[in-house]
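Remarks on the overall topology
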Amino acid sequence: MSLRPVPAGSPAREDESGAAGGTGAGPGTHAAGAPVEVVERPGFPVNRGALCGKGRTAHALLKPGVRLTEPLVRSASSGLLEPATWEEALDATASALERVRRARGSDAVGVFGGGGLTNEKAYSLGKFARLVLGTSQIDYNGRFCMSSAAAAATRAFGLDRGLPFPLSDVARTGCVVLVGSNMAETMPPALRYLTELKENGGRLIVVDPRRTRTAQQADLHLALRPGTDLALALGLLHLVVAEGRLDEEFISTRTSGWEEARRTAMAHWPEQVERVTGVPVPELREAVRLFSDADSAMVLTARGPEQQSKGTDTVSAWINLCLATGRAGRPLSGYGCLTGQGNGQGGREHGQKADQLPGYRKLDDPADRAHVARVWGVDPGVLPRPGRSAYELLDALGGDVRALLLMGSNPAVSAPRAAHVEERLRALDFLAVCDVVLSETAQLADVVLPVTQWAEETGTTTSLEGRVLLRRKACEPQAGVRSDLEVLNGLAARLGWEKGFPSEAEEVFGELCRASAGGPADYSGITYARLAEEDGVFWPCPQEPDPHRRGGHRIEGTGTGLQGRARTRRSDAGDGESDTGDGERGPADVRHPGTPRLFLDRFATPDGRARFFAALHRPAAEETDAQYPLLLTTGRVLAQYQSGAQTRRVPELNSAAPGPFVELHPQLAGQLGVLDGDRVAVVSRRGRAVAPARVTRDIRPDTVFMPFHWHGEGRANTLTNPALDPASRMPEFKVCAVRLETAAP
């Protein structure tokens, strides 16, 4: 996305053709507070310049009346947040963190990050937690997004990257099964690929309890009961076996574990699956026919099947369907996960996750610890062991964890069982929040630090395709605003680390690349200059071309199925040499090309084979009963985003989606005597939320839906269940038992 100043006397224009989200930049920076407009960049290869309303209006948050422009410190006398200098705010934060650490130990201090942080911030935050604070208690809100898909993909393929192919491949495949994604409202610029898929003769199957805008475009909509995605995937695989649609050669030569997976699938016969899911057997058979008859096919999952207490096994079952039909590790086929945050992919790669080190390395692996410790210049023994997952960390606040540094997250709205999480935040001895706006979580803080946002800083993000992107600074931040990197630099210095935490993003990125070298998410062959030149680079991209490169061009056998062309760079003199960076001349710099498509020759497992995982369907952690006879599912709407902390401050967006609602079927509304617009209360075992009714036939009669962007009485996450997936530690946002009551006007 790029900005340009608005000529004097001209209104700010919001260009509907959009810009490449988070990737472009103008030829300089604009003065702080100057009126700006979003400028499209149609040449960018992913969204081709298209933006949704949230992107078009993002510049509204640059205004000083909207965003924070000075630190706030809670007054001991008034109990209110009051303006302070940066020195006062950083001193107060460093002193409080150190005081708690000395009194109660390093693990009494927690750190909570966000999936919207740049790669540089995520990397520095993880390093700060483990070196400066010495704490194991760090996780981030991305745990609530893609963790189940990540765990399942790693289990099957040995590697997690949202999409193992460019997004543009979606338009060229023969069939897409879209599971639990309303792309029309959550990723509007990407919807064009589904439109092009159908224009090219491909077929679209959408799995969703609601007839969303996306489901309306499907050739087949499977309106399953919430929480039964695992049974559905197993039932489809049962039919693949029963109808003789297996790819026996692929199973034999490129996979392992099939026999056990086959046995579990065969226990889920079609009529049983219909009873569990509510999807009629003829629709199950039609889904198998569309998927199997296509020359190529993909399964794409999102939060619907993933945000469940069995989300990892559910995704594994969808991966099994791909493997059994040979729809993985081949062109225009495979399994992919649609990420949900601005840096949902990069945010989970570089160390702000409880069990992780940069480059997708494992915190409990001795070799990984040794490598990162060398880059950081410390002994591996000083690195803490893995800590608590996100919800478990939030649940421990005010107990074992007494102080928290939080960046880029608003768990008072976004966490499951949110009223309880808000209580835990209030129970802390100290809370510091770095944010752009005074979110509901920031309002609870002892110190609030105003930090830069997308247009005011330089940094990298990584798209759902694994494409590392450079986002350049486009305008100067307001006076009184600092970057998160400057915050960490200032805190580290106050806590005895004068070096090791640079505030310049490019310097941090260079260190990140060294730390990632040789890891699953290897960035070591990427530089800012290269990102600018190439409009992004797909990881893995090691510094040196693959040792199995043959003939100077083809690269193969990397363990990620890389097949591509190396790029040869020559000096301006054309003499076949390039600058080595140390003042000497070296041979031609043959650069690794990056890896747009994974697994084409082998999977990233030790034996190169994808692994089936055998799973049996099991019910949701909380089923319906006489007291709570309905199911609640939650999600997003077009004009709002995540916890709404930013989008609710944009007038255009807020007028389009001014508040929460409860979506219910006319049959259910008739039973309750509820009319469209009436206030209704949704009650779960954890609390009560009140919002206007929205009566529609686009939802199952046994299910209600609420968007989760709001605080207050309409907070959907007051209701949601924190039951955790045993592998990913993902809470069960997407299904819980509720009842409906009429509410007073």
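Residues numbered from 1 in each chain as written. Predicted model: local features only at pLDDT ≥ 70, side-chain atom pairs only at ≥ 80, totals over all residues. Heavy atoms only, no water.

Topic: the nonpolar core
- Counting 85 residues, the largest nonpolar core has Phe-157, Trp-258, Trp-318, Tyr-335, Phe-509 and Tyr-523 as its most contacted members.
- Sort the elements by how many residues they give to this core and helix α7 (residues 229-242) lands first, with nine residues.
- Each residue touching Trp-318, except ones within four places of it in the same chain, is listed here: Val-177, Val-179, Val-207, Asp-229, Leu-232, Ala-233, Leu-236, Val-299 and Thr-301.
- By size, the runner-up hydrophobic cluster in this structure holds 32 residues, among which are Ala-89, Ala-94, Ala-108 and Val-451. (Core = buried A, V, L, I, M, F, W, Y, C linked by side-chain atoms within 4.5 Å. Buried < 20%, exposed > 50% of the residue type's maximum accessible area, 1.4 Å probe, protein only. Helix = DSSP H or I, 4+ residues; strand = E, 2+ residues; numbered from the N terminus. Contact = heavy atoms within 4.5 Å.)

Here we look at helix α10 (residues 270-277)
- Residues Pro-270, Val-273 and Thr-277 constitute the buried set of α10. All buried residues of α10 lie within an arc of 60° about the axis, which places them on one face of the element.
- Against α7 and α11 (281-293) lie the buried residues of α10.
- A positive backbone phi angle near 85° is found at Gly-278, which sits one or two residues after α10. (Arc of directions from axis to C-beta.)

Looking at the sheet that holds strand β16 (residues 430-435)
- The strand order across the open sheet formed by seven strands is β4-β3-β17-β16-β15-β5-β6, and the pairing between neighbours is mixed. Looking at strand neighbours, the two that pair on one side only are β4 (81-83) and β6 (138-140), the edges of this open sheet. On average, each strand axis in the sheet is inclined to that of its neighbour by 15°, with strand direction left out of account.
- By the bridge criterion, three bridges tie strand β3 (residues 72-74) to β4 in an arrangement that is antiparallel. In the sheet register, Val-73 faces β4, and the bridge partner there is Glu-82.
- Sheet strands touched by helix α3 (residues 119-132): β5 (109-113), β6 and β15 (403-407). Its angle to β6, the strand with the most contacts, is close to 155°.
- Most of the contacts of helix α18 (residues 484-494) go to β15, to which it runs at about 150°, and overall it touches β15, β16 and β17 (447-450). (Pairing = 2+ DSSP bridges. Axes fitted to C-alpha atoms, helices over the stretch in contact; angles between N-to-C directions.)

Here's the deal with the packing of α3 against helix α19 (residues 505-516)
- In contact at an axis separation of 9 Å, α3 and α19 are set at 70° when each is read in the N-to-C sense. Relative to α19, α3 is oriented roughly perpendicular. Crossing geometry of α3 relative to α19 is assigned as left-handed. Where α3 abuts α19, its residues Asn-119, Glu-120, Tyr-123, Ser-124 and Lys-127 lie against Ala-505, Val-508, Phe-509, Glu-511, Leu-512 and Ala-515. (Parallel < 35°, antiparallel > 145°, perpendicular 65-115°, else oblique. Left-handed = near helix turned anticlockwise from the far one by under 90°.)

As for the pairing of β16
- The buried count for β16 comes to six of six residues, which makes it a mostly enclosed element.
- Burial along β16 is two-sided: the residues Phe-430, Ala-432 and Cys-434 and Leu-431, Val-433 and Asp-435 are all buried.

A look at the pattern of salt bridges
- For the coordinates displayed, the defined rule picks out 52 salt bridges.
- Notably, a salt bridge pairs Glu-422 with Arg-715, separated by 2.8 Å at the nearest N-O pair. Taken as a pair, Glu-422 in helix α17 (residues 418-426) and Arg-715 in the loop between β32 (703-707) and β33 (721-724) lie far apart in primary sequence, 293 residues in all.
- Look at Glu-422 and you get buried, because its relative accessible area is 13%.
- The shortest N-O distance in the salt bridge between Arg-471 and Glu-457 comes to 3.3 Å. On the criterion of sequence distance, the pair formed by Arg-471 in strand β19 (residues 467-471) and Glu-457 in the loop between β17 and β18 (459-462) is long-range, its members being 14 residues apart.
- Taken together, the salt bridges that share partners define one network made up of Glu-243, Arg-245, Arg-285, Glu-286, Arg-289 and Asp-293. (Salt bridge = Lys/Arg side-chain N within 4 Å of Asp/Glu carboxyl O.)

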